[in-house]
Amino acid sequence: MNQVKRRGATAGFSLVELLIAMTITLIMMGAATSLLSAGFRIRNRGNAVSDAAADGQRALNIMSREIANAGFNLITNGVVAQDSDSTHLRVRSNLNKFDTTASIASRNGVIDASEDVQYFVNAGAATDYLVRYDVNAASKTVLANRLSALRIYYFPQRVTYNTTTLANGTTDCNISGFSSAEVTPDLARYLVLAVCVSIPAFGPPNSEGYQPASNLLLVSDVTLRNADLLAY
């Protein structure tokens, strides 16, 4: 018995069906691309914050360790007042005073490497650099390259203070509410170092994964070696 094939029984999708399927596919691909882009922005922002924090903290650790030795084997606090202010700091110490292998000149003076050091911010084309300058060795070292500000506070004793959280949830780069008034650098016994890094915005505003600009504030308190603190 012969079977009669119905016309169109094996036909494919119609043009309208193909257009609908392609439209749905494009919409899904667009949504996936948008989510992927947002994920990359969040990841890049997280990496930028982590790198900035590590960079700034490393610089603060180096500064704090060296500044704490200011005035070692000297009769002053070790801060060179004429070269120190709210954004610059120069400290001196006689680290080789009791080194029996050093020369007499070295033991009696501040002439060796790392005994006379300056810290300051050097403005660059794209970013600012926190620089350590060894006066005796005449050498410069970049401690941090994602810096937007350095602030140095001088006090006669240990202090407490406040940091400010802005309306957008980021941290202001200023410190306020100190429990003691500041003094001139030559009278300081206790220093507060504040390093501020500005994290740029990632992505256009109102887009998926947009990350607004923010500030990262890192603070270190340092007691000078020759300090006889009034309160601690």
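Refer to the structure printed above.
Quick look at the structure, then. (Residues numbered from 1 in each chain as written. Predicted model: local features only at pLDDT ≥ 70, side-chain atom pairs only at ≥ 80, totals over all residues. Heavy atoms only, no water.)

**What to know about the overall build of the chain**
Applied cut-off: Secondary structure counts use DSSP, requiring at least four H or I residues in a row for a helix and at least two E residues in a row for a strand, with both numbered from the N terminus. Categorising residues by exposure relies on relative accessible area from a 1.4 Å probe, with only protein chains included: less than 20% of the type maximum marks a residue as buried, more than 50% marks it as exposed, and the intermediate range marks it as partly exposed. Contact definition: two residues touch when any of their heavy atoms are within 4.5 Å. We get accessible surface area from the Shrake-Rupley algorithm with a probe of 1.4 Å; when it comes to residues, only the shown protein chains can shield them.
The number of helices and strands found in the chain is two helices and nine strands. Ordering the α and β elements of the chain from the N terminus gives α-β-α-β-β-β-β-β-β-β-β. Put simply, the chain has 232 residues, and 31% of those count as buried. Look at the contacts in the chain between residues 6 or more apart in sequence, and 59% of them connect residues 24 or more apart. Accessible surface, the chain as shown: approximately 13,800 Å² in total, 55% of it carbon and sulfur.

**With respect to the environment of Ser106**
Looking at the secondary structure, you find Ser106 in helix 2 (residues 104-108). For Ser106, a relative accessible area of 4% gives the class buried. Along the primary structure Ser106 and Asn96 are separated by 10 residues, whereas in three dimensions their C-alpha atoms are 6.5 Å apart.

**Here we look at the sheet that holds strand 3 (residues 128-134)**
For clarity, the cut-off: Strands are labelled as partners when DSSP assigns at least two bridges between them. To get an axis, fit a line to the C-alpha atoms, keeping to the stretch in contact for a helix; angles then go from 0 to 180 degrees between the N-to-C directions.
In spatial order, the strands read 1-2-3-4; together these four strands make up an open sheet with antiparallel pairing. Each of the sheet's edge strands pairs with one partner strand only, and the pair in question is strand 1 (89-92) and strand 4 (139-147). Taking the axes of each pair of neighbouring strands and ignoring which way they run, one obtains an average angle of 20 degrees across the sheet. Bridge count between strand 2 (residues 116-123) and strand 3: seven bridges; the pairing is antiparallel. Bridging from a neighbouring strand, Val117 pairs with Asp134 of strand 3.

**Focus on the packing of aromatic side chains**
Condition: Only centres within 6.5 Å qualify two rings of Phe, Tyr or Trp (six-membered ring in Trp) as a pair; their planes then separate them into stacked at under 30 degrees, edge-to-face at over 60, and tilted for everything else.
Taken as a whole and judged by the stated rule, the model has three aromatic pairs. Relative to Phe178, the ring of Tyr153 has its centre 4.9 Å away and its plane inclined at 50 degrees; by these criteria the two rings are tilted. With a gap of 25 residues between them, Tyr153 in strand 5 (residues 149-155) and Phe178 in the loop between strand 7 (171-176) and strand 8 (190-199) connect regions that are remote in the sequence. Note on Phe155 and Phe178: the rings are 4.7 Å apart at their centroids and 45 degrees apart in plane angle, and the pair reads as tilted. Taken together, the residues span a long stretch of sequence, with Phe155 in strand 5 and Phe178 in the loop between strand 7 and strand 8 at a distance of 23 residues. The class for Phe178 is partly exposed, based on a relative accessible area of 22%. Among the aromatic residues, those joined into a ring-pair cluster are Tyr153, Phe155, Tyr161 and Phe178.

**What to know about the environment of Leu191**
Within the secondary structure, Leu191 sits in strand 8. The class for Leu191 is buried, based on a relative accessible area of 0%. Separated by 32 residues in the primary sequence, Leu191 and Val159 have C-alpha atoms spaced 9.1 Å apart. Residues contacting Leu191, with those up to four places away along its chain left out, are Ile67, Leu89, Ile152, Tyr153, Tyr154, Ser220, Asp221, Val222 and Leu224.

**So, the pattern of salt bridges**
Here is the rule we go by: Any carboxyl oxygen of Asp or Glu that lies within 4 Å of a side-chain nitrogen of Lys or Arg is treated as forming a salt bridge with it.
One pass over the structure, following the stated rule, counts six salt bridges. Among the ionic pairs, Arg132 bridges to Glu66, the shortest N-O distance being 2.8 Å. Taken as a pair, Arg132 in strand 3 and Glu66 in helix 1 (residues 15-68) lie far apart in primary sequence, 66 residues in all. Taking relative accessible area as the criterion, Arg132 reaches 10% and is therefore assigned buried. Here Asp83 ties to Arg90 by a salt bridge, and the two come within 2.7 Å at their closest N and O atoms. According to the relative accessible area criterion, Arg90 is buried, its value standing at 17%.

**Here we look at the sheet that holds strand 8**
Within the open sheet, the three strands sit side by side as 5-8-9. Their pairing is antiparallel. Unpaired on one side and paired on the other, strand 5 and strand 9 (214-223) mark the two borders of the sheet. Geometrically, the sheet is characterised by an average inter-axis angle of 15 degrees between neighbouring strands, direction not taken into account. As paired strands, strand 5 and strand 8 are joined by seven bridges and run antiparallel to one another. Pairing of Ala149 across the sheet is with Cys196, part of strand 8.

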